[in-house]
Amino acid sequence: MNIFAIGDVHLSLDERIEKPMDVFGPRWQDHDKRLRENWINLVSQEDLVIICGDISWGLRLEEAMEDLLFLDSLPGRKVLTKGNHDLWWNSVSKLNKISENMTFLQNTAFLLEDGTAICGTRGWICPGTDGFDSHDQKIYDREILRLRMSLDDAVSKGAKRIIASLHYPPTNDKFQESGFTSTLEEYGVSQCVYGHLHGKDAFKNGYKGIWNGVEYKLVSLDYVEAKPEKIL
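Fair warning: this is a prediction, and the values are worked out from it, not measured in the lab.

Engineer: Give me the sheet that holds strand 2 (residues 48-52): which residues, what numbers.
Structural biologist: Read from one edge of the open sheet, 5 strands run 4-3-2-1-11, paired in mixed fashion. With one partner strand each, in any of the chains shown, strand 4 (102-104) and strand 11 (229-230) form the two edges of the open sheet. Here 5 bridges tie strand 2 to strand 3 (residues 77-81), and the two strands are oriented parallel to one another. Following the sheet pairing, I51 is matched in strand 3 by L80.

Engineer: Give a detailed account of the nonpolar core, specifying residues and quantitative values.
Structural biologist: With 43 residues, the main nonpolar core has I50, I55, L71, W88 and I118 as its most contacted residues. Not counting the four nearest positions on each side in its chain, I50 is found in contact with I3, F4, A5, I6, V79, I118, I163, S165, V193 and I231. The next biggest cluster of nonpolar side chains, apart from the first, holds 30 residues, and it includes F132, I162, W211 and V214.

Engineer: Could you give an account of the packing of aromatic side chains, naming the residues involved and the relevant values?
Structural biologist: Within a pair of aromatic rings, the relevant descriptors are the distance that separates the centres and the angle that separates the planes. If you walk through the whole model with that rule in mind, you get 11 aromatic pairs. Ring plane angle 75° and centroid distance 5.4 Å describe the contact between W89 and F104, whose orientation is recorded as edge-to-face. Separated by 15 residues along the polypeptide, W89 in the loop between strand 3 and helix 3 (92-95) and F104 in strand 4 bring together distant segments of the chain. Among the residues examined, W89 registers a relative accessible area of 2% and is labelled buried. Judged by its relative accessible area of 1%, F104 is buried. Taking the centre distance of 5.6 Å and the plane angle of 80° together, the rings of F175 and Y207 count as edge-to-face. With F175 in the loop between strand 7 (161-166) and helix 5 (179-186) and Y207 in the loop between helix 6 (200-203) and strand 9 (209-211), this residue pair connects regions lying 32 residues apart in the sequence. Owing to a relative accessible area of 31%, F175 belongs among the partly exposed residues under this scheme. Among the aromatic side chains, those forming a connected cluster through ring pairs are F175, Y207, W211 and Y216. A cation sits over an aromatic face here: K19 above W57, 4.5 Å from the ring centre.

Rules used in this analysis
Residues numbered from 1 in each chain as written. Predicted model: local features only at pLDDT ≥ 70, side-chain atom pairs only at ≥ 80, totals over all residues. Heavy atoms only, no water. Pairing = 2+ DSSP bridges. Helix = DSSP H or I, 4+ residues; strand = E, 2+ residues; numbered from the N terminus. Core = buried A, V, L, I, M, F, W, Y, C linked by side-chain atoms within 4.5 Å. Buried < 20%, exposed > 50% of the residue type's maximum accessible area, 1.4 Å probe, protein only. Contact = heavy atoms within 4.5 Å. Phe/Tyr/Trp six-rings, centres within 6.5 Å; stacked < 30°, edge-to-face > 60°. Lys NZ or Arg CZ within 6 Å of the ring centre and 35° of its normal.

Below is the structure:
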């Protein structure tokens, strides 16, 4: 079994949602079709794919459902975490009834048979980011708490290896330590995947590589060219 990750699939297959992504450049041209083709070529039914946020442009679950069923139709098991544009994401218990092959994480962890746990939360911009204010601080603190709850769930389930999924980068653009990085280190997380950053000017603002024992990978769709990134 392989584990893949990709973020920011930004689907809008429901005819009521008009969000053409190709206005953001050639990397987004027919991105849903390229994602499907690459996914089928890379991922087997026995594999797992982490989808780290910004999944659907739908505003309500009924508008996101076609996007979720599209992902469900692709090979492998999917573990999903929330992005800042996932406004349709409300009752996680309701979401987890959509399909046996999709698990939506919120304050929880998903444990594989080999002891690998997938944890995650949306995240937020970090202190030191331009314009960071008291409102951001409240959300930032809450998201660190959500991450800790997910990690605690992994530990309680006997995880032998932990992979974390965030939507936002775990640091600011100066690559300073944050509550996210220190929490990941505290729990001995092996890898952290994240998205949110789009375009070559933004890609450089995400830390990539190993830092204090945690490997960080940017997996936003345009960065990985619509190909799920094999991480394990």
